[in-house]
Amino acid sequence: MTGWNPDAELTDGQELVRLRNGAQSLLSKYDEFLKGDYDSIPDSEVQDQVVETDLTADLGTLDNQLREIKSETTPQTGDSDPETAIAVHRNVDISRSDAADSGLWSAFSMLYYPWFVHHRWAFNSVSAMKEKFWTQARALDGKASTFERAWWIAELTCVEKSDGSIDYEPTRRALSKRRFSLLVFDTPMARYKPAVRALLEVLYDEPDDDEKDDEEGGLADTKVVDETIKRFRKSGSVFPYEGQTKDELADTIRDIREEVEAKHSTDD
């Protein structure tokens with residue numbers, strides 16, 4: 001008997017399952033599922049693709065949090081992305097090596113929370129929607145499944161404090177502007193956490209000390225974000241990111257940003 005029962009309530013400390021590669025074909029076979037008919041794939045065909053793991057997660061808590069996020073965000077927009085990433089990462093406490101298993105995240109999309117995938121994404125075509133349920137390439141590019149991408153973005157941006165608690169404010173910042181997340185997390189550079197952290201540090205503007213009570217910080221202007229990240233990515237082909245510390249990378253990014261802003265100031 002597998003560890004997946006479609007009629008059972010999701011629980012805290014639930015044993016996770018993964019889906020074999022063959023489950024991907026079910027998305028093409030039953031495109032009604034991709035359009036929102038969650039019962040369209042016969043249980044027998046799903047069960048043939050389910051594999052037990054020794055991992056557990058607080059799926060009951062995650063279910064409640066996702067339903068709350070759904071009720072508070074605009075459907076089929078990126079409004080839900082920051083809190084979704086935080087909720088998934090907080091309740092699915094697994095190692096990076098375990099999280100590299102795309103079959104695990106396919107189970108989240110196809111078995112546990114298909115309704116949330118449809119809250120986040122509009123159905124435009126079978127091929128496009130399949131990517132939201134099943135990672136077509138790597139875990140962090142634009143063709144990564146919904147929950148896999150969410151977990152990894154949180155993993156690469158959150159900060160563990162000295163008391164062991166996790167600060168997810170950098171995750172919220174990284175997902176506050178879609179252009180930033182696309183330029184950073186859809187590239188191989190995203191696999192190197194110091195580079196991600198350095199970009200956030202330099203491109204996020206804190207409010208001035210005398211304005212902190214009245215204003216919030218935010219990512220830089222879109223054109224500054226866009227050109228700074230593109231130039232930084234290009235510089236990586238000359239001076240590889242790996243081996244450089246966050247502070248060293250931040251110095252490079254700061255210089256690039258200053259050049260970009262000077263250029264746009266002259267253009268204006």
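Conventions we followed
Residues numbered from 1 in each chain as written. Predicted model: local features only at pLDDT ≥ 70, side-chain atom pairs only at ≥ 80, totals over all residues. Heavy atoms only, no water. Helix = DSSP H or I, 4+ residues; strand = E, 2+ residues; numbered from the N terminus. Buried < 20%, exposed > 50% of the residue type's maximum accessible area, 1.4 Å probe, protein only. Areas by Shrake-Rupley, 256 points an atom, 1.4 Å probe, with all protein chains shown as cover. Lys, Arg positive; Asp, Glu negative; His and termini not counted. Charge placed at Lys NZ, Arg CZ, Asp CG, Glu CD. Core = buried A, V, L, I, M, F, W, Y, C linked by side-chain atoms within 4.5 Å. Axes fitted to C-alpha atoms, helices over the stretch in contact; angles between N-to-C directions. Parallel < 35°, antiparallel > 145°, perpendicular 65-115°, else oblique. Contact = heavy atoms within 4.5 Å. Nonpolar A, V, L, I, M, F, W, Y, C, P; charged D, E, K, R; others polar. Expected span 1.5 Å × (residues − 1). Phe/Tyr/Trp six-rings, centres within 6.5 Å; stacked < 30°, edge-to-face > 60°. Polar contact = N/O pair within 3.5 Å; in protein donor to acceptor, adjacent residues only side chain to side chain. Patch = residues over 30% accessible without salt bridge, like charges linked within 9 Å, V, L, I, M, F, W, Y side chains within 5 Å. Salt bridge = Lys/Arg side-chain N within 4 Å of Asp/Glu carboxyl O.

Q: What is the right way to look at the overall build of the protein chain in this model?
A: When helices and strands are tallied, the protein chain shows 15 helices and six strands. In terms of its C-alpha atoms, the protein chain occupies a principal-axis envelope of roughly 65 × 40 × 35 Å. Every one of the 268 residues in the protein chain was classed for burial, and the buried ones make up 47%. With an accessible surface of roughly 13400 Å², the protein chain has 44% of that area assigned to carbon and sulfur atoms. Separation of charge centres in the protein chain, based on 33 positive and 56 negative side chains, amounts to 6 Å.

Q: It is not clear to me how the nonpolar core should be interpreted in this structure. Could you clarify?
A: As a rule of thumb, nonpolar side chains are buried together in soluble globular proteins. Judged by nonpolar contacts, the single largest core of 43 residues is most densely connected at Phe108, Tyr112 and Tyr113. When residues of this core are assigned to their parent elements, the largest contribution, seven residues, is made by helix 7 (residues 102-112). With 36 residues, the next largest nonpolar core counts Ala150, Ala195, Ala220 and Tyr241 among its residues.

Q: What's the story with the packing of helix 4 (residues 59-72) against helix 5 (residues 81-91) in this structure? I'm lost.
A: The angle between the axes and the distance between the axes are what describe a pair of packed helices. Interhelical geometry of helix 4 versus helix 5 gives an angle of 175 degrees and a closest axis separation of 10 Å. The pairing of helix 4 with helix 5 is recorded here as roughly antiparallel in orientation. Contacts between helix 4 and helix 5 pair Thr61, Leu62, Gln65, Leu66 and Ile69 from the former with Glu83, Thr84, Ala87, Val88 and Asn91 from the latter. Each residue belonging to the contact of helix 4 with helix 5 can be placed in one class, and the counts come to five nonpolar, four polar and one charged.

Q: What is the right way to look at helix 10 (residues 146-157) in this model?
A: Counting along an α-helix, one turn takes 3.6 residues, and residues three or four places apart therefore face a common direction. In this model helix 10 runs 17 Å from its N-terminal to its C-terminal C-alpha over twelve residues, within 8% of the 16 Å that 1.5 Å per residue would give. With respect to burial, helix 10 is a largely interior element, twelve of its twelve residues being buried. Within the span of helix 10, buried status applies to Thr146, Phe147, Glu148, Arg149, Ala150, Trp151, Trp152, Ile153, Ala154, Glu155, Leu156 and Thr157.

Q: Quick question: what am I supposed to make of the packing of aromatic side chains here?
A: Each aromatic ring pair is summarised here by two numbers: the centre-to-centre distance and the angle between the ring planes. Within the structure shown, the criterion is met by 13 aromatic pairs. Their ring planes at 45 degrees and their centres at 6.1 Å tell us that phenylalanine 108 and phenylalanine 147 sit as a pair that is tilted. You can see phenylalanine 108 sitting in helix 7 and its partner phenylalanine 147 sitting in helix 10, a full 39 residues away along the chain. Across the pair, phenylalanine 147 and phenylalanine 108 agree in class, each one buried.

Q: Quick question: what am I supposed to make of the environment of aspartate 226 here?
A: Relative to the elements of secondary structure, aspartate 226 occurs in helix 14 (residues 222-235). Through-space distance from the C-alpha of aspartate 226 to that of leucine 182 is 9.9 Å; in sequence the pair is 44 residues apart. For aspartate 226, the side chain forms a polar contact with the side chain of lysine 230, separated by 3.0 Å.

Q: Explanation requested: the packing of helix 10 against helix 12 (residues 178-185) in the structure shown.
A: In contact at an axis separation of 13 Å, helix 10 and helix 12 are set at 90 degrees when each is read in the N-to-C sense. As judged from the angle between their axes, helix 10 and helix 12 are roughly perpendicular. In contact with Arg149, Ile153 and Thr157 of helix 10, helix 12 contributes Ser181, Leu182 and Phe185. For the contact of helix 10 with helix 12, the residue count by class is three nonpolar, two polar and one charged.

Q: Sorry if this is basic, but what is going on with a negative patch on the surface here?
A: A surface patch of negative charge is lined by Asp7, Glu32, Asp37, Asp39 and Asp43. Of note, aspartate 39 is situated in the loop between helix 2 (31-34) and helix 3 (43-47). Overall, the relative accessible area of 72% leaves aspartate 39 in the exposed class.

Q: What is the right way to look at the pattern of salt bridges in this model?
A: Side chains carrying opposite charge are able to pair once their charged atoms draw close together. In total, this model carries 20 salt bridges according to the counting rule given. Linking arginine 67 and aspartate 63 is a salt bridge whose minimum nitrogen-to-oxygen distance equals 2.9 Å. Of the two residues, arginine 67 and aspartate 63 both sit in helix 4, four residues apart, roughly one turn of that helix. Each of the salt bridges in this network shares a partner with another, and the network as a whole consists of Glu83, Glu169, Arg172, Arg173 and Glu206.

Q: Would you explain helix 7 in this entry?
A: When you tally the buried positions in helix 7, you get ten out of eleven residues, the bulk of the element. Listing the buried residues of helix 7 in full gives Gly103, Leu104, Trp105, Ser106, Ala107, Phe108, Ser109, Met110, Leu111 and Tyr112. Residue aspartate 101 occupies the N-cap position of helix 7, its side-chain oxygen lying 2.9 Å from the main-chain nitrogen of glycine 103.

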